[in-house]
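Listed below are the residues making up each chain.
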Amino acid sequence: LEMLAGDKVAAQRYIDQALALDGKNVNARVVAARIAADARDIEAALTHLEAARAADERALEPRLLMAELLIRQNRVREADQVIREATALAGGNVRATGAIGKLYLSLGRYDDALARFREALRIEPDDPDLHVNIARAHLGRGDAAAARASAERARQLEPASLPATSLLVALDLREGRQQQAKDLVTQLRKLRPEHPAVAVLEGDVSMATGGFAAAAQAYERAYRLSPAGIVAVKNLDARTKGRLAQPSALVDDWLRQHPSDVVVRMALASSLTERGQRRDAIREYERIVAAGNPSPIALNNLAWLYFEEKDERAVELAKRAWELAPELPAVADTYGWVLLQAGRTEAALPILQQAFDKAPD
(Lines give C-alpha, C1' and ligand atoms only; values in the text may rest on other atoms or scores of the structure.)
Protein backbone atom coordinates (compact mmCIF):
# COMPACT_ATOMS: atom_id res chain seq x y z
CA LEU A 1 0.00 0.00 0.00
CA GLU A 2 2.83 2.39 0.80
CA MET A 3 4.41 1.56 -2.58
CA LEU A 4 1.11 2.35 -4.33
CA ALA A 5 0.91 5.61 -2.37
CA GLY A 6 4.42 6.48 -3.56
CA ASP A 7 6.03 6.47 -0.11
CA LYS A 8 9.05 4.24 -0.67
CA VAL A 9 10.63 5.18 2.66
CA ALA A 10 7.62 3.86 4.58
CA ALA A 11 7.49 0.81 2.29
CA GLN A 12 11.15 0.09 3.02
CA ARG A 13 10.48 0.37 6.77
CA TYR A 14 7.75 -2.28 6.62
CA ILE A 15 9.83 -4.56 4.43
CA ASP A 16 12.77 -4.29 6.83
CA GLN A 17 10.45 -5.30 9.67
CA ALA A 18 9.11 -8.23 7.66
CA LEU A 19 12.59 -9.47 6.80
CA ALA A 20 13.69 -9.11 10.43
CA LEU A 21 10.85 -11.50 11.33
CA ASP A 22 11.43 -13.87 8.41
CA GLY A 23 14.51 -13.42 6.25
CA LYS A 24 13.39 -16.26 3.97
CA ASN A 25 10.08 -14.65 3.02
CA VAL A 26 10.17 -14.69 -0.78
CA ASN A 27 7.45 -12.05 -1.27
CA ALA A 28 9.20 -9.63 1.09
CA ARG A 29 12.52 -10.21 -0.70
CA VAL A 30 10.92 -9.51 -4.09
CA VAL A 31 9.35 -6.25 -2.86
CA ALA A 32 12.66 -5.25 -1.25
CA ALA A 33 14.37 -5.93 -4.59
CA ARG A 34 11.85 -3.77 -6.46
CA ILE A 35 12.38 -0.89 -4.02
CA ALA A 36 16.16 -1.18 -4.43
CA ALA A 37 15.88 -1.38 -8.23
CA ASP A 38 13.67 1.73 -8.28
CA ALA A 39 16.43 3.48 -6.31
CA ARG A 40 18.94 2.25 -8.96
CA ASP A 41 20.73 0.07 -6.42
CA ILE A 42 20.83 -2.98 -8.67
CA GLU A 43 23.39 -4.87 -6.57
CA ALA A 44 21.17 -4.61 -3.46
CA ALA A 45 18.20 -5.75 -5.54
CA LEU A 46 20.14 -8.76 -6.83
CA THR A 47 21.23 -9.63 -3.28
CA HIS A 48 17.58 -9.77 -2.18
CA LEU A 49 16.63 -11.87 -5.19
CA GLU A 50 19.52 -14.26 -4.63
CA ALA A 51 18.26 -14.75 -1.07
CA ALA A 52 14.74 -15.41 -2.40
CA ARG A 53 16.14 -17.82 -4.97
CA ALA A 54 17.99 -19.73 -2.24
CA ALA A 55 14.98 -19.72 0.09
CA ASP A 56 12.63 -21.32 -2.47
CA GLU A 57 14.07 -23.39 -5.26
CA ARG A 58 10.71 -23.32 -7.08
CA ALA A 59 9.94 -19.59 -6.79
CA LEU A 60 9.49 -18.18 -10.27
CA GLU A 61 9.00 -14.44 -9.69
CA PRO A 62 12.42 -13.70 -8.15
CA ARG A 63 14.11 -15.51 -11.01
CA LEU A 64 12.22 -13.56 -13.66
CA LEU A 65 13.02 -10.24 -11.97
CA MET A 66 16.62 -11.30 -11.41
CA ALA A 67 17.08 -12.14 -15.09
CA GLU A 68 15.57 -8.77 -16.07
CA LEU A 69 17.98 -6.86 -13.81
CA LEU A 70 20.99 -8.87 -15.01
CA ILE A 71 20.04 -8.07 -18.61
CA ARG A 72 19.86 -4.36 -17.70
CA GLN A 73 23.47 -4.65 -16.50
CA ASN A 74 24.49 -6.52 -19.65
CA ARG A 75 25.40 -9.60 -17.58
CA VAL A 76 24.01 -11.85 -20.29
CA ARG A 77 25.62 -15.13 -19.28
CA GLU A 78 24.32 -14.92 -15.71
CA ALA A 79 20.89 -13.86 -16.99
CA ASP A 80 20.80 -16.84 -19.33
CA GLN A 81 21.43 -19.25 -16.45
CA VAL A 82 18.57 -17.75 -14.42
CA ILE A 83 16.28 -17.85 -17.47
CA ARG A 84 17.03 -21.56 -17.88
CA GLU A 85 16.01 -22.11 -14.26
CA ALA A 86 12.80 -20.15 -14.80
CA THR A 87 12.03 -22.09 -17.99
CA ALA A 88 12.32 -25.38 -16.12
CA LEU A 89 9.89 -24.09 -13.47
CA ALA A 90 7.39 -22.44 -15.82
CA GLY A 91 5.95 -25.59 -17.40
CA GLY A 92 2.40 -24.77 -18.64
CA ASN A 93 2.20 -21.38 -16.91
CA VAL A 94 1.21 -18.99 -19.73
CA ARG A 95 2.20 -15.81 -17.89
CA ALA A 96 5.59 -17.20 -16.91
CA THR A 97 6.32 -18.66 -20.34
CA GLY A 98 5.37 -15.34 -21.95
CA ALA A 99 7.59 -13.45 -19.50
CA ILE A 100 10.53 -15.71 -20.38
CA GLY A 101 9.83 -15.03 -24.04
CA LYS A 102 10.04 -11.29 -23.33
CA LEU A 103 13.39 -11.77 -21.61
CA TYR A 104 14.74 -13.60 -24.66
CA LEU A 105 13.30 -10.79 -26.80
CA SER A 106 15.26 -8.21 -24.78
CA LEU A 107 18.43 -10.26 -25.33
CA GLY A 108 17.86 -10.26 -29.09
CA ARG A 109 17.43 -14.04 -29.10
CA TYR A 110 14.41 -13.96 -31.35
CA ASP A 111 14.21 -17.67 -32.17
CA ASP A 112 14.21 -18.58 -28.46
CA ALA A 113 11.59 -15.88 -27.84
CA LEU A 114 9.40 -17.22 -30.63
CA ALA A 115 9.63 -20.73 -29.22
CA ARG A 116 8.45 -19.55 -25.79
CA PHE A 117 5.61 -17.41 -27.19
CA ARG A 118 4.41 -20.27 -29.42
CA GLU A 119 4.51 -22.62 -26.46
CA ALA A 120 2.28 -20.22 -24.53
CA LEU A 121 0.05 -19.77 -27.59
CA ARG A 122 -0.71 -23.50 -27.66
CA ILE A 123 -2.30 -23.05 -24.23
CA GLU A 124 -3.97 -19.67 -24.95
CA PRO A 125 -4.39 -19.42 -28.76
CA ASP A 126 -6.58 -16.31 -28.58
CA ASP A 127 -4.36 -14.18 -26.36
CA PRO A 128 -3.75 -10.92 -28.31
CA ASP A 129 -0.68 -10.04 -26.25
CA LEU A 130 1.03 -13.28 -27.28
CA HIS A 131 0.35 -12.52 -30.95
CA VAL A 132 1.85 -9.04 -30.47
CA ASN A 133 4.97 -10.50 -28.90
CA ILE A 134 5.26 -13.04 -31.72
CA ALA A 135 5.05 -10.09 -34.12
CA ARG A 136 7.87 -8.35 -32.25
CA ALA A 137 10.02 -11.48 -32.44
CA HIS A 138 9.38 -11.78 -36.19
CA LEU A 139 10.31 -8.13 -36.59
CA GLY A 140 13.54 -8.78 -34.71
CA ARG A 141 14.32 -11.60 -37.15
CA GLY A 142 13.69 -9.23 -40.06
CA ASP A 143 10.47 -10.90 -41.23
CA ALA A 144 8.15 -7.92 -41.66
CA ALA A 145 5.44 -9.93 -43.44
CA ALA A 146 5.15 -12.45 -40.59
CA ALA A 147 5.23 -9.59 -38.07
CA ARG A 148 2.34 -7.88 -39.86
CA ALA A 149 0.31 -11.10 -39.97
CA SER A 150 0.71 -11.66 -36.22
CA ALA A 151 -0.05 -8.01 -35.38
CA GLU A 152 -3.18 -8.11 -37.56
CA ARG A 153 -4.30 -11.29 -35.81
CA ALA A 154 -3.85 -9.56 -32.44
CA ARG A 155 -5.92 -6.62 -33.70
CA GLN A 156 -8.67 -8.97 -34.91
CA LEU A 157 -8.84 -10.49 -31.43
CA GLU A 158 -8.78 -7.08 -29.76
CA PRO A 159 -9.62 -4.20 -32.14
CA ALA A 160 -8.72 -1.61 -29.48
CA SER A 161 -5.27 -3.14 -28.88
CA LEU A 162 -2.77 -0.31 -28.57
CA PRO A 163 0.35 -2.52 -28.90
CA ALA A 164 -0.97 -4.25 -32.04
CA THR A 165 -2.00 -0.97 -33.66
CA SER A 166 1.33 0.66 -32.73
CA LEU A 167 3.22 -2.17 -34.37
CA LEU A 168 1.11 -2.00 -37.54
CA VAL A 169 1.56 1.79 -37.64
CA ALA A 170 5.34 1.36 -37.36
CA LEU A 171 5.31 -1.16 -40.21
CA ASP A 172 3.18 1.13 -42.38
CA LEU A 173 5.47 4.10 -41.78
CA ARG A 174 8.54 2.00 -42.52
CA GLU A 175 6.98 0.87 -45.83
CA GLY A 176 5.88 4.39 -46.80
CA ARG A 177 2.17 3.77 -46.21
CA GLN A 178 1.57 7.04 -44.41
CA GLN A 179 -2.16 7.27 -45.06
CA GLN A 180 -2.73 3.71 -43.81
CA ALA A 181 -0.85 4.59 -40.62
CA LYS A 182 -3.02 7.68 -40.12
CA ASP A 183 -6.19 5.66 -40.76
CA LEU A 184 -5.21 3.09 -38.14
CA VAL A 185 -4.69 5.81 -35.54
CA THR A 186 -8.01 7.43 -36.44
CA GLN A 187 -9.82 4.11 -35.97
CA LEU A 188 -8.10 3.52 -32.64
CA ARG A 189 -8.95 6.99 -31.41
CA LYS A 190 -12.66 6.30 -32.08
CA LEU A 191 -12.40 3.20 -29.89
CA ARG A 192 -10.28 4.83 -27.15
CA PRO A 193 -10.90 8.60 -27.41
CA GLU A 194 -9.59 9.47 -23.94
CA HIS A 195 -6.53 7.22 -23.82
CA PRO A 196 -3.33 9.30 -23.55
CA ALA A 197 -1.21 6.67 -25.31
CA VAL A 198 -3.46 6.92 -28.37
CA ALA A 199 -2.84 10.67 -28.47
CA VAL A 200 0.91 9.98 -28.19
CA LEU A 201 0.71 7.54 -31.10
CA GLU A 202 -1.18 10.15 -33.11
CA GLY A 203 1.63 12.61 -32.36
CA ASP A 204 4.29 10.08 -33.35
CA VAL A 205 2.63 9.53 -36.74
CA SER A 206 2.41 13.29 -37.33
CA MET A 207 6.10 13.65 -36.41
CA ALA A 208 7.06 10.88 -38.84
CA THR A 209 5.16 12.61 -41.64
CA GLY A 210 6.48 16.11 -40.91
CA GLY A 211 3.33 17.50 -39.31
CA PHE A 212 5.04 19.14 -36.35
CA ALA A 213 2.16 21.45 -35.36
CA ALA A 214 -0.32 18.54 -35.40
CA ALA A 215 2.16 16.43 -33.42
CA ALA A 216 2.53 19.15 -30.79
CA GLN A 217 -1.26 19.38 -30.42
CA ALA A 218 -1.55 15.61 -30.02
CA TYR A 219 1.19 15.49 -27.38
CA GLU A 220 -0.44 18.38 -25.52
CA ARG A 221 -3.74 16.47 -25.48
CA ALA A 222 -1.93 13.39 -24.16
CA TYR A 223 -0.25 15.48 -21.46
CA ARG A 224 -3.59 16.97 -20.36
CA LEU A 225 -5.08 13.47 -20.11
CA SER A 226 -2.10 12.08 -18.18
CA PRO A 227 0.99 14.23 -17.52
CA ALA A 228 4.23 12.37 -18.23
CA GLY A 229 7.84 13.42 -18.68
CA ILE A 230 8.32 11.54 -21.96
CA VAL A 231 5.26 13.27 -23.45
CA ALA A 232 6.65 16.66 -22.43
CA VAL A 233 9.94 15.79 -24.14
CA LYS A 234 8.13 14.69 -27.32
CA ASN A 235 6.25 17.99 -27.32
CA LEU A 236 9.55 19.85 -26.91
CA ASP A 237 10.96 17.99 -29.93
CA ALA A 238 7.87 18.69 -32.06
CA ARG A 239 7.80 22.39 -31.19
CA THR A 240 11.54 22.78 -31.73
CA LYS A 241 11.53 21.06 -35.13
CA GLY A 242 8.41 22.94 -36.17
CA ARG A 243 9.85 26.24 -34.88
CA LEU A 244 6.68 26.73 -32.85
CA ALA A 245 6.29 29.18 -29.97
CA GLN A 246 7.07 28.21 -26.36
CA PRO A 247 8.82 24.90 -27.11
CA SER A 248 9.69 24.28 -23.44
CA ALA A 249 6.24 24.93 -21.95
CA LEU A 250 5.33 21.33 -21.07
CA VAL A 251 8.87 20.43 -20.01
CA ASP A 252 8.97 23.44 -17.68
CA ASP A 253 5.59 22.43 -16.23
CA TRP A 254 6.79 18.86 -15.65
CA LEU A 255 10.06 19.94 -14.01
CA ARG A 256 8.25 22.31 -11.65
CA GLN A 257 6.42 19.27 -10.31
CA HIS A 258 9.28 16.75 -10.74
CA PRO A 259 12.52 18.72 -10.28
CA SER A 260 14.60 15.56 -9.83
CA ASP A 261 13.70 14.08 -13.25
CA VAL A 262 17.18 14.01 -14.78
CA VAL A 263 16.10 12.51 -18.11
CA VAL A 264 13.68 15.35 -18.84
CA ARG A 265 16.15 17.98 -17.62
CA MET A 266 18.82 16.51 -19.92
CA ALA A 267 16.43 16.79 -22.85
CA LEU A 268 15.70 20.40 -21.96
CA ALA A 269 19.40 21.25 -21.62
CA SER A 270 20.17 19.63 -24.98
CA SER A 271 17.33 21.54 -26.65
CA LEU A 272 18.49 24.84 -25.16
CA THR A 273 21.99 24.17 -26.48
CA GLU A 274 20.67 23.44 -29.97
CA ARG A 275 18.66 26.68 -29.89
CA GLY A 276 21.77 28.68 -28.97
CA GLN A 277 20.60 29.47 -25.42
CA ARG A 278 23.91 28.46 -23.85
CA ARG A 279 23.52 30.26 -20.52
CA ASP A 280 20.14 28.59 -19.91
CA ALA A 281 21.58 25.23 -20.96
CA ILE A 282 24.47 25.68 -18.52
CA ARG A 283 22.00 26.40 -15.72
CA GLU A 284 20.13 23.14 -16.43
CA TYR A 285 23.30 21.02 -16.68
CA GLU A 286 24.59 22.55 -13.43
CA ARG A 287 21.39 21.45 -11.71
CA ILE A 288 21.89 17.91 -13.01
CA VAL A 289 25.50 17.82 -11.81
CA ALA A 290 24.61 19.33 -8.42
CA ALA A 291 21.96 16.64 -7.86
CA GLY A 292 24.71 14.00 -7.57
CA ASN A 293 25.82 10.98 -9.65
CA PRO A 294 25.67 12.84 -12.99
CA SER A 295 26.13 10.83 -16.18
CA PRO A 296 29.37 11.29 -18.15
CA ILE A 297 27.28 12.78 -20.97
CA ALA A 298 25.93 15.51 -18.66
CA LEU A 299 29.46 16.28 -17.43
CA ASN A 300 30.82 16.25 -20.97
CA ASN A 301 28.13 18.59 -22.31
CA LEU A 302 28.54 21.03 -19.44
CA ALA A 303 32.33 20.95 -19.89
CA TRP A 304 31.94 21.86 -23.57
CA LEU A 305 29.57 24.74 -22.75
CA TYR A 306 32.04 26.00 -20.13
CA PHE A 307 34.79 25.79 -22.76
CA GLU A 308 32.70 27.83 -25.22
CA GLU A 309 32.11 30.41 -22.47
CA LYS A 310 35.86 30.43 -21.67
CA ASP A 311 35.14 29.12 -18.16
CA GLU A 312 38.27 27.55 -16.63
CA ARG A 313 36.14 24.84 -14.97
CA ALA A 314 35.90 23.13 -18.37
CA VAL A 315 39.12 21.12 -17.97
CA GLU A 316 38.28 19.58 -14.59
CA LEU A 317 34.72 18.74 -15.64
CA ALA A 318 35.83 17.21 -18.94
CA LYS A 319 38.34 15.12 -17.00
CA ARG A 320 35.58 13.84 -14.68
CA ALA A 321 33.50 12.83 -17.70
CA TRP A 322 36.45 11.08 -19.33
CA GLU A 323 37.36 9.18 -16.16
CA LEU A 324 33.78 7.89 -15.97
CA ALA A 325 33.55 6.91 -19.66
CA PRO A 326 36.94 6.81 -21.39
CA GLU A 327 35.47 4.43 -23.98
CA LEU A 328 33.12 7.09 -25.40
CA PRO A 329 34.90 8.87 -28.28
CA ALA A 330 32.84 12.07 -27.92
CA VAL A 331 33.84 12.33 -24.27
CA ALA A 332 37.52 11.68 -25.02
CA ASP A 333 37.36 14.21 -27.85
CA THR A 334 35.99 16.92 -25.57
CA TYR A 335 38.62 16.30 -22.89
CA GLY A 336 41.46 16.13 -25.38
CA TRP A 337 40.38 19.29 -27.20
CA VAL A 338 39.88 21.26 -23.99
CA LEU A 339 43.35 20.20 -22.83
CA LEU A 340 44.84 21.21 -26.18
CA GLN A 341 43.24 24.65 -26.07
CA ALA A 342 44.56 25.07 -22.54
CA GLY A 343 48.08 24.58 -23.93
CA ARG A 344 48.56 21.06 -22.51
CA THR A 345 49.50 19.46 -25.83
CA GLU A 346 51.38 16.43 -24.49
CA ALA A 347 48.47 15.45 -22.26
CA ALA A 348 45.93 16.10 -25.03
CA LEU A 349 47.52 14.07 -27.83
CA PRO A 350 47.05 10.50 -26.50
CA ILE A 351 43.45 11.26 -25.50
CA LEU A 352 42.63 12.70 -28.93
CA GLN A 353 44.35 9.68 -30.49
CA GLN A 354 42.14 7.43 -28.34
CA ALA A 355 39.03 9.25 -29.58
CA PHE A 356 40.20 8.96 -33.18
CA ASP A 357 40.96 5.25 -32.83
CA LYS A 358 37.42 4.62 -31.60
CA ALA A 359 35.71 6.89 -34.17
CA PRO A 360 38.05 7.29 -37.16
CA ASP A 361 35.25 8.60 -39.41
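Numbering of residues starts from 1 in each chain and follows the order in which that chain's sequence is written. In view of the model being predicted, local features appear only for residues whose pLDDT reaches at least 70, and side-chain atom pairs are presented and counted only at 80 or more, with totals across whole chains, interfaces and linings using the full set of residues. Hydrogens and waters are ignored; side-chain quantities use all the structure's heavy atoms.

*Asks:* With reference to specific residues and values, describe the overall build of the protein.
*Replies:* Note on conventions: DSSP H or I runs of at least 4 residues are helices, E runs of at least 2 residues are strands, and numbering of each starts at the N terminus. When helices and strands are counted, the protein shows 21 helices and 0 strands. For the C-alpha atoms alone, the extent of the protein along its principal axes is close to 70 × 55 × 45 Å. Considering the protein as a whole, with its 361 residues, one finds that 42% of them fall into the buried category. Sequence separation of at least 24 residues holds for 44% of the intrachain contacts in the protein that already meet a minimum separation of 6. The protein chains shown are the only cover counted for residues, whose accessible areas, like all others here, come from Shrake-Rupley with a 1.4 Å probe. Of the roughly 19300 Å² of accessible surface on the protein, 50% is carried by carbon and sulfur atoms. Positive charges come from Lys and Arg, negative ones from Asp and Glu, while His and the chain ends are left out of the count. In this description, the location of a charge corresponds to atom NZ of lysine, CZ of arginine, CG of aspartate or CD of glutamate. With 49 positive and 51 negative side-chain charges, the protein shows a spacing of 3 Å between the two charge centroids. Under the scheme applied here, a residue whose accessible area is under 20% of the maximum for its type counts as buried, over 50% as exposed, and between as partly exposed, the area being computed with a 1.4 Å probe on protein chains only. The contact criterion used throughout is that any non-hydrogen atoms of two residues lie within 4.5 Å.

*Asks:* I'd like a rundown of the environment of H48, residues and numbers included.
*Replies:* Within the fold, H48 resides in helix α3 (residues 42-55). Residue H48 is classed as buried on the basis of its relative accessible area, which comes to 17%. Each C-alpha atom of the pair H48 and L64 lies 13 Å from the other, and the pair is 16 residues apart in sequence. Look past the residues within four positions of H48 in its chain and what remains in contact with it is L19, R29, A32 and A33.

*Asks:* Give a description of the packing of aromatic side chains that names residues and reports values.
*Replies:* Aromatic contacts are taken between Phe, Tyr and Trp rings whose centres are within 6.5 Å, Trp giving its six-membered ring; a plane angle under 30 degrees counts as stacked, one over 60 as edge-to-face, and the others as tilted. The final tally for this structure, using the stated rule, is 2 aromatic pairs. Where W304 meets F307, the ring centres are 5.0 Å apart and the plane angle is 45°; that geometry is what we call tilted. Linking W304 with F307, this pair stays in helix α18 (residues 296-308), spanning 3 residues, or about one helical turn. Arranged with centres 5.3 Å apart and planes meeting at 35°, the rings of W322 and Y335 form a pair that is tilted. Of the two residues, W322 sits in helix α19 (residues 314-324) while Y335 sits in helix α20 (residues 329-341), which places them 13 residues apart along the sequence. The rule is short: NZ of Lys or CZ of Arg within 6 Å of the ring centre and within 35 degrees of the ring normal puts a charge over the ring. Its guanidinium or amino end placed over the ring of Y14, R13 lies 5.8 Å from that ring's centre, counting from NZ or CZ.

*Asks:* Could you give me a rundown of the packing of helix α12 (residues 196-208) against helix α13 (residues 212-225), with the residues and numbers involved?
*Replies:* The relative placement of two packed helices is expressed as an angle between their axes plus a distance between the axes. Only the contacting stretch of a helix is used when fitting its axis, a line to C-alpha atoms as for every element, and angles between N-to-C directions run 0 to 180 degrees. For the pair α12 and α13, the least separation of the axes is 8 Å and the interaxial angle reads 165°. By the angle between their directions, the pair α12 and α13 is classed as roughly antiparallel. Of the two possible hands of crossing, α12 and α13 adopt the one that is left-handed. For the pair α12 and α13, the contacting residues are P196, A199, V200, E202, G203, D204, S206 and M207 in the first and F212, A214, A215, A218, Y219, R221, A222 and L225 in the second. Class assignment for the residues of the contact of α12 with α13 results in 11 nonpolar, 2 polar and 3 charged. Working definition: roughly parallel below 35 degrees, roughly antiparallel above 145 degrees, roughly perpendicular at 65 to 115 degrees, and oblique for all remaining angles. The sense of a crossing depends on the near helix, which, turned anticlockwise from the far helix by less than a right angle, makes the crossing left-handed and, turned clockwise, makes it right-handed. Here the nonpolar group is Ala, Val, Leu, Ile, Met, Phe, Trp, Tyr, Cys and Pro; Asp, Glu, Lys and Arg are the charged ones; every other residue, Gly included, is treated as polar.

*Asks:* Quick one: what's the story with the pattern of salt bridges, residue by residue and with numbers?
*Replies:* A pair is scored as a salt bridge if a Lys or Arg side-chain nitrogen falls within 4 Å of a carboxyl oxygen belonging to Asp or Glu. Inspection of the entire model under this criterion finds 33 salt bridges. When the shortest N-O distance is used, the salt bridge between R84 and D80 registers 3.0 Å. Of this pair, R84 and D80 both sit in helix α5 (residues 76-90), 4 residues apart, roughly one helical turn. Residue classification places R84 among the partly exposed residues on the basis of a relative accessible area of 43%. Residues participating in the shared-partner salt-bridge network are R265, D280, R283, E284 and R287.

*Asks:* Summarise unusual backbone geometry; cite the residues concerned and give the values.
*Replies:* We note that R243 has phi near 50°; this positive angle belongs to a residue other than glycine. Here R243 is to be found in the loop between α14 (229-241) and α15 (249-257). On the basis of relative accessibility, which here comes to 80%, the residue R243 falls in the exposed class.

*Asks:* I'd like a description of the packing of helix α8 (residues 128-140) against helix α9 (residues 144-157), backed by residues and values.
*Replies:* Between α8 and α9, the shortest axis-to-axis distance is 8 Å and the interhelical angle comes to 165°. Viewed along their axes, α8 and α9 adopt a mutual orientation that is roughly antiparallel. α9 is crossed by α8, and the crossing has left-handed handedness. Packed against α8, whose contacting residues are P128, H131, V132, I134, A135, H138 and L139, the element α9 presents A144, A146, A147, S150, A151, R153, A154 and L157 at the interface. Residues that form the contact of α8 with α9 fall into these classes: 11 nonpolar, 3 polar and 1 charged.

*Asks:* Residue-level account of the nonpolar core, with values.
*Replies:* Core analysis: the biggest nonpolar cluster contains 47 residues, and Y219, V251, Y285 and L302 have the highest contact counts within it. Within the second largest apolar cluster, 40 residues are counted, among which are A37, A52, L69 and A137. Here, nonpolar core means buried Ala, Val, Leu, Ile, Met, Phe, Trp, Tyr and Cys residues that are tied together by side-chain atoms lying within 4.5 Å of each other.

*Asks:* Now, about the side chain of S150: what can you tell me, with residues and values included?
*Replies:* Summarising the element assignment, S150 is placed in helix α9. Take S150: its relative accessible area is 11%, and that puts it in the buried class. Apart from the residues within four sequence positions on either side, S150 is in contact with H131, I134, A135 and H138.

*Asks:* Hey, could you go over helix α7 (residues 110-123) for me, with residue numbers and the actual values?
*Replies:* Expected helix span is computed as 1.5 Å times (number of residues minus one). End to end, α7 covers 20 Å across 14 residues, agreeing with the expected 20 Å (1.5 Å per residue, within 8%). If you check which residues of α7 are buried, you get A113, L114, R116, F117, A120 and L121. End-on, the buried residues of α7 take up no more than an arc of 165°, which puts them together on one face. Residues of α7 that are buried in the fold lie against α5, α6 (94-106) and α8. This arc describes the spread of directions from the helix axis toward the C-beta atoms.

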